[in-house]
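What follows is each chain in one-letter form.
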Amino acid sequence: MLLRHTPKEIKERKALTINPAKTCQPVGAMYAALGIHGCLPHSHGSQGCCSYHRSVLTRHYKDPIMAGTSSFTEGSSVFGGQANLLQAIANMFTIYDPDLVAIHSTCLSETIGDDLNQIAQKAIDDGKVPEGKKVIFCNTPSYIGSHVTGFSNMCTGIVKGLAEHTGVARDQVNILPGWVEPSDMREIKRIAEAMGARIVMYPDTSDVVDTPQTGEYKMYPDGGTSVEAIASSGDSIKTLALGKWASEDAAKLLDSKFKVPFDVLDIPVGLSATDRFVEALANAAKVSIPDSFVAERGRLVDVISDMSQYLHGRKVALFGDPDQLIPLTEFLLDLDMIPTHIVSGTPGKKFTERIKELCAERAPNVNVKNGPQADIFQLHQWMKNEPVDLLMGNTYGKYIARDEDVPFVRYGFPILDRIGHSYFPSIGYTGGIRLLEKILGTIMDKIDRDSDGTDFELVM
Ligand code: SF4
């Protein structure tokens, strides 16, 4: 029992988080920056921060993640980090030749009060940014928010620094995909292409953090949205922002700066959210939904109806990021399962409201909490008081799954001890089948493991 000290009795806590259901803002900012072609992310803080951000991304994506750091020492902590950042910008463009550098702050540089806007402008004025190259930035103090708000802040920084308005309308739709896997971003592009919808999607980490092994190392892989494509997003007809937490702020900025209207949608996880996404894209791009999608959807509906007998009424505990948990909860309800305990470390009042709305009819007693004290410890305590049939969340859930002997599906960020998330989408209709297959397979494995000889079934 690795978590044997977790008590069943729940006490109200303030100012204490145990096993947080989130990580730090710059991790998200770095991931978003990697979705721009030719971009070198830069962490304005100490080397330890940058090493952590890089290592958690490398461990999740199993690909090397490159980034610069301002390498703060005691001196920069006292006198400010401007000199280090100016030197770093000059070094990065001289030695590593990126198309742009995307800077995010850290706890320390925010506490000192470094002004990234002013330092970036000084770098340009001092000639440290070569002609045609760009520097963008965002603020990501990690004592507030989470990796999701860091991702959102960098998306807003991308719009601020790169989007333009030429006055010539373009027949294209912006898609802000939210924090999803590279496989999911590839799936969104496949869906748009199959519909004949012209899109500009950013960030796009496909072919950046899931690169093929060719024998040749590329510091800037082939993937990522080009600076030119992002620039054109100020001329698009509409923005579809997937995930309120990760994408809404950037969509709002595109609207207020360039008058590009937007809709905020759920990330298309599961049947209902995918229906809404496909319909919204068809309307925005003025295209029709192809017959092939009717078949794709029909296959998912068929699997749901065939397998619901094994899933009906089973209780699920979930933890992770709000943009993922909301459509996942809806999907579990579509599978006739009962979302029972839900925790997200990312703050935002709307989360609990939305989950309660979704669960009102079929799971009215759902326990839901988000924000700093909504942690994995709390989830474990809830599970001790009301056991569940399935746990879904990132790798850190494996300790609870082992102690409580609960089937466990890895879902979300980070997944450090399995592969697959980078390569197989879990969004869209086909992704829905994959998710269902993982849920069902994990539950059936436990049934097989626990059954005695008389009810050990060969056929489902
Ligand atoms: S929480 Fe703050 S100090 Fe820790 S790694 Fe993140 S930015 Fe650095």
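For clarity, every value in this text was computed on a predicted model and none was experimentally measured.

Colleague: Explanation requested: the overall build of the protein in the structure shown.
Modeller: In terms of helices and strands, the protein carries 17 helices and 13 strands. Relative to the compact-globule value of 23 Å for 460 residues, the protein shows a C-alpha radius of gyration of 23 Å, a close match. Expressed along its principal axes, the backbone C-alpha trace of the protein runs to roughly 75 × 55 × 45 Å. The proportion of buried residues among the 460 residues of the protein is 56%. Across the protein, every contact between residues at least 6 apart in sequence was considered, and the portion connecting residues at least 24 apart equals 75%.

Colleague: Help me out: how do you make sense of the sheet that holds strand S8 (residues 262-265) in this one?
Modeller: Two pairing modes exist for strands in a sheet, parallel and antiparallel, and in both the strands are linked by backbone hydrogen bonds. One open sheet accounts for 4 strands, arranged S6-S5-S7-S8; its pairing is parallel. At either margin of the open sheet sits one strand with a lone partner, and together these are strand S6 (199-201) and S8. Going across the sheet, the axis of each strand differs from the next one's by a mean of 20°, ignoring polarity. In this sheet, S8 lies alongside strand S7 (residues 238-242) in parallel orientation, the contact comprising 4 bridges.

Colleague: I would appreciate a short explanation of unusual backbone geometry in the present structure.
Modeller: Trans is the common state for peptide bonds, and a negative phi is the common state for residues other than glycine. Here the amide bond leading from Tyr-202 into Pro-203 is cis, since omega sits at -5°, within 30 degrees of zero. Assignment of secondary structure puts Pro-203 in the loop between S6 and helix H9 (227-231). Residue Phe-413 is joined to Pro-414 through a cis peptide bond whose omega torsion reads 0°. Locating Pro-414 in the fold gives a position in the loop between strand S13 (408-410) and helix H17 (428-450). In the Ramachandran plot, Lys-62 falls in the positive-phi region, its phi being about 55° despite a non-glycine side chain. Its location among the elements puts Lys-62 in the loop between helix H2 (47-61) and strand S2 (68-69).

Colleague: Looking at this structure, how should I read the nonpolar core?
Modeller: In terms of nonpolar packing, the biggest core is built from 105 residues, with Phe-277, Met-392 and Ile-439 touching the most fellow members. It is helix H11 (residues 270-285) that contributes the most residues to this core, 8 residues altogether. When near neighbours in sequence (up to four residues on either side) are disregarded, Phe-277 contacts Ile-175, Ile-188, Ile-191, Leu-240, Leu-242, Leu-265 and Pro-268.

Colleague: What is the right way to read the pattern of salt bridges from this model?
Modeller: It is possible for side chains of opposite charge to pair when their charged atoms get near one another. Inspection of every chain in the model, using the stated rule, returns 24 salt bridges. For the salt bridge of Asp-235 with Arg-170, the shortest nitrogen-to-oxygen distance reads 3.7 Å. Note that Asp-235 is positioned in the loop between H9 and S7 and Arg-170 in the loop between helix H7 (147-162) and strand S5 (173-176), a separation of 65 residues in sequence. For Asp-235, a relative accessible area of 4% puts it in the buried group. Its relative accessible area of 38% is what places Arg-170 among the partly exposed residues. Ionic contacts of the salt-bridge type, sharing partners, join the residues Asp-266, Arg-276, Glu-330 and Arg-354 into one network.

Colleague: Help me understand the site of the ligand, please; the structure alone is not making it clear to me.
Modeller: All residues in the neighbourhood of the ligand are listed as Cys-24, Pro-26, Cys-49, Tyr-52, His-53, Thr-106, Cys-107 and Ser-142. Of all the elements, H2 adds the most residues to the shell around the ligand, at 3 residues. Residues that form the shell around the ligand fall into these classes: 5 nonpolar, 3 polar and no charged.

Cut-offs applied
Residues numbered from 1 in each chain as written. Predicted model: local features only at pLDDT ≥ 70, side-chain atom pairs only at ≥ 80, totals over all residues. Heavy atoms only, no water. Helix = DSSP H or I, 4+ residues; strand = E, 2+ residues; numbered from the N terminus. Rg over C-alpha atoms; globule rule 2.2 N^0.38 Å. Buried < 20%, exposed > 50% of the residue type's maximum accessible area, 1.4 Å probe, protein only. Contact = heavy atoms within 4.5 Å. Pairing = 2+ DSSP bridges. Axes fitted to C-alpha atoms, helices over the stretch in contact; angles between N-to-C directions. Core = buried A, V, L, I, M, F, W, Y, C linked by side-chain atoms within 4.5 Å. Salt bridge = Lys/Arg side-chain N within 4 Å of Asp/Glu carboxyl O. Near = heavy atom within 4 Å. Nonpolar A, V, L, I, M, F, W, Y, C, P; charged D, E, K, R; others polar.

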